[in-house]
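Residue strings, one per chain:
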Amino acid sequence: MAMGEILVQIGKRLYKRRKEMGLTQEAMAERLGMSLTFYGEIERGRKRLSIEKILMVYEQTGMNPDYLLTGEEPLEQAAMEIFRNCPEEKRPVLEQIFSNLTEMYR
């Protein structure tokens, strides 16, 4: 994938997270310590985030840097999200499923 397309995809993921949080571009830019213009350019895929700003995105939005950069949720994080959303009484079954899957892939 070309760098331009990667930047566009990163911008789309930031846009989606910003909307999920109910923030304007201005509010998100302020949280990330950058100008509104620069943030808008990042969402449009025209500017890059520095490593420091990628970490700031993580701190301010909870967005995993792996997901931000690649669009792929780390498996551990996805599994933990499933577990957190699982009703307490069904967790033993879910734990057994994870255990079985782990054994299958060894």
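Residues numbered from 1 in each chain as written. Predicted model: local features only at pLDDT ≥ 70, side-chain atom pairs only at ≥ 80, totals over all residues. Heavy atoms only, no water.

What follows concerns the overall build of the chain. Tallying secondary structure elements over the chain gives seven helices and zero strands in all. Beginning at the N terminus, the succession of helices and strands in the chain can be written as α-α-α-α-α-α-α. Scaling as 2.2 N^0.38, a compact globule of 106 residues should have a C-alpha radius of gyration of about 13 Å, whereas the chain reaches 17 Å, well beyond that. With the principal axes as the frame, the chain shows a C-alpha extent of 50 × 30 × 20 Å. Going through the 106 residues of the chain one by one, you find that 26% of them count as buried. A separation threshold of at least 6 residues defines the contact pool for the chain, and within that pool the share at least 24 residues apart is 44%. (Helix = DSSP H or I, 4+ residues; strand = E, 2+ residues; numbered from the N terminus. Rg over C-alpha atoms; globule rule 2.2 N^0.38 Å. Buried < 20%, exposed > 50% of the residue type's maximum accessible area, 1.4 Å probe, protein only. Contact = heavy atoms within 4.5 Å.)

What follows deals with helix H3 (residues 36–43). Within H3 the residues assigned to the buried category are Tyr-39, Gly-40, Glu-41, Ile-42 and Glu-43. For H3, the secondary structure elements touched by its buried residues are helix H1 (3–21) and helix H2 (25–32). Gly-45, located one to two residues past H3, shows a positive phi value of around 80 degrees.

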